[in-house]
Amino acid sequence: MTATLFSPQAQVRRALAGLDLGSHRDGLIADAISSALPSQWEARARILEDCRPRPGDYLGTDPGAAQRIDRRCAVSAAQCRLHAAVLRGDDILDPEHAADLALIGAIA
(Lines give C-alpha, C1' and ligand atoms only; values in the text may rest on other atoms or scores of the structure.)
Protein backbone atom coordinates (compact mmCIF):
# COMPACT_ATOMS: atom_id res chain seq x y z
CA MET A 1 0.00 0.00 0.00
CA THR A 2 1.40 3.38 -1.02
CA ALA A 3 1.36 6.12 1.59
CA THR A 4 -0.57 9.23 0.66
CA LEU A 5 -1.43 12.49 2.34
CA PHE A 6 -4.62 10.84 3.61
CA SER A 7 -3.09 7.57 4.84
CA PRO A 8 -3.11 8.66 8.51
CA GLN A 9 -6.79 9.57 8.22
CA ALA A 10 -7.59 6.14 6.78
CA GLN A 11 -5.72 4.48 9.63
CA VAL A 12 -7.69 6.50 12.18
CA ARG A 13 -10.99 5.61 10.46
CA ARG A 14 -10.10 1.91 10.54
CA ALA A 15 -9.16 2.10 14.21
CA LEU A 16 -12.34 3.98 15.14
CA ALA A 17 -14.54 1.58 13.17
CA GLY A 18 -13.76 -1.16 15.67
CA LEU A 19 -14.51 0.94 18.76
CA ASP A 20 -17.80 0.96 20.59
CA LEU A 21 -17.96 4.69 21.29
CA GLY A 22 -21.52 4.39 22.56
CA SER A 23 -20.33 2.74 25.74
CA HIS A 24 -17.96 5.68 26.34
CA ARG A 25 -20.41 8.40 25.28
CA ASP A 26 -20.96 9.90 28.74
CA GLY A 27 -17.24 10.09 29.46
CA LEU A 28 -16.50 11.60 26.05
CA ILE A 29 -19.17 14.25 26.52
CA ALA A 30 -17.95 15.05 30.04
CA ASP A 31 -14.37 15.40 28.74
CA ALA A 32 -15.52 17.66 25.91
CA ILE A 33 -17.46 19.88 28.31
CA SER A 34 -14.66 20.09 30.86
CA SER A 35 -12.17 20.99 28.12
CA ALA A 36 -14.37 23.96 27.27
CA LEU A 37 -14.39 25.27 30.85
CA PRO A 38 -11.89 27.94 31.91
CA SER A 39 -11.58 26.29 35.32
CA GLN A 40 -10.16 23.14 33.68
CA TRP A 41 -7.42 25.18 31.98
CA GLU A 42 -6.68 27.13 35.16
CA ALA A 43 -6.30 23.83 37.02
CA ARG A 44 -3.88 22.61 34.34
CA ALA A 45 -1.87 25.80 34.73
CA ARG A 46 -1.64 25.26 38.50
CA ILE A 47 -0.45 21.69 37.98
CA LEU A 48 2.21 22.84 35.53
CA GLU A 49 3.37 25.53 37.97
CA ASP A 50 3.66 22.84 40.64
CA CYS A 51 5.81 20.76 38.26
CA ARG A 52 8.45 23.47 37.93
CA PRO A 53 11.79 22.41 39.41
CA ARG A 54 12.63 23.55 42.92
CA PRO A 55 16.06 24.11 44.44
CA GLY A 56 17.50 20.76 45.45
CA ASP A 57 15.52 18.71 42.90
CA TYR A 58 17.72 16.11 41.22
CA LEU A 59 17.32 16.35 37.46
CA GLY A 60 20.26 14.28 36.31
CA THR A 61 23.74 15.35 35.37
CA ASP A 62 22.82 17.86 32.66
CA PRO A 63 23.47 21.32 34.16
CA GLY A 64 20.92 23.00 31.87
CA ALA A 65 18.09 20.54 32.50
CA ALA A 66 16.49 22.51 35.34
CA GLN A 67 16.36 25.70 33.29
CA ARG A 68 14.86 23.93 30.26
CA ILE A 69 12.27 22.08 32.33
CA ASP A 70 11.37 25.25 34.23
CA ARG A 71 10.92 27.20 31.00
CA ARG A 72 8.83 24.46 29.39
CA CYS A 73 6.53 24.22 32.42
CA ALA A 74 6.25 28.01 32.73
CA VAL A 75 5.37 28.44 29.04
CA SER A 76 2.81 25.62 29.15
CA ALA A 77 1.22 27.12 32.28
CA ALA A 78 1.04 30.53 30.58
CA GLN A 79 -0.60 28.96 27.53
CA CYS A 80 -3.20 27.28 29.76
CA ARG A 81 -3.94 30.54 31.59
CA LEU A 82 -4.35 32.37 28.28
CA HIS A 83 -6.60 29.60 26.96
CA ALA A 84 -8.78 30.00 30.07
CA ALA A 85 -8.86 33.77 29.52
CA VAL A 86 -10.00 33.34 25.92
CA LEU A 87 -12.70 30.87 26.99
CA ARG A 88 -13.92 33.39 29.59
CA GLY A 89 -14.01 36.08 26.93
CA ASP A 90 -11.31 38.19 28.60
CA ASP A 91 -9.43 40.81 26.64
CA ILE A 92 -6.05 39.07 26.48
CA LEU A 93 -4.38 42.37 25.64
CA ASP A 94 -5.30 43.58 29.12
CA PRO A 95 -2.18 44.24 31.25
CA GLU A 96 -3.31 41.40 33.54
CA HIS A 97 -2.18 38.93 30.84
CA ALA A 98 0.98 40.77 29.74
CA ALA A 99 3.40 38.51 31.62
CA ASP A 100 1.91 35.36 30.10
CA LEU A 101 1.89 36.88 26.61
CA ALA A 102 5.55 37.88 27.02
CA LEU A 103 6.43 34.42 28.28
CA ILE A 104 5.01 32.73 25.20
CA GLY A 105 6.66 35.30 22.95
CA ALA A 106 3.49 37.01 21.75
CA ILE A 107 4.71 40.44 22.87
CA ALA A 108 8.15 41.87 23.47
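So, here is what we can say about the structure in this document. Predicted model only: the values in this text are computed from it and were never measured.

## Things to note about the environment of alanine 85
Phase 1 of the analysis: Here alanine 85 shows up in helix H4 (residues 65-88).
Phase 2 of the analysis: Overall, the relative accessible area of 0% leaves alanine 85 in the buried class.
Phase 3 of the analysis: Once residues lying within four places of it in the same chain are set aside, the contact partners of alanine 85 are Asp90, Ile92 and His97.

## Digging into the state of the cysteines
Phase 1 of the analysis: What the rule picks out here adds up to zero disulfides.
Phase 2 of the analysis: With no disulfide of its own, cysteine 73 lies closest to cysteine 51 among cysteine sulfurs, the gap being 5.5 Å.
Phase 3 of the analysis: Given a relative accessible area of 10%, cysteine 73 falls into the buried group.
Phase 4 of the analysis: Free cysteine cysteine 80: the closest other cysteine sulfur is in cysteine 73, separated by 11 Å.

## Observations regarding the side chain of histidine 97
Phase 1 of the analysis: Of note, histidine 97 is situated in the loop between H4 and helix H5 (98-103).
Phase 2 of the analysis: Histidine 97 gets classed as buried once you look at its relative accessible area, which sits at 6%.
Phase 3 of the analysis: If we skip the residues at most four places from it in the chain, histidine 97 touches Leu82, Ala85, Arg88, Asp90, Asp91 and Ile92.

Criteria and thresholds
Residues numbered from 1 in each chain as written. Predicted model: local features only at pLDDT ≥ 70, side-chain atom pairs only at ≥ 80, totals over all residues. Heavy atoms only, no water. Helix = DSSP H or I, 4+ residues; strand = E, 2+ residues; numbered from the N terminus. Buried < 20%, exposed > 50% of the residue type's maximum accessible area, 1.4 Å probe, protein only. Contact = heavy atoms within 4.5 Å. Disulfide = S-S within 2.5 Å.

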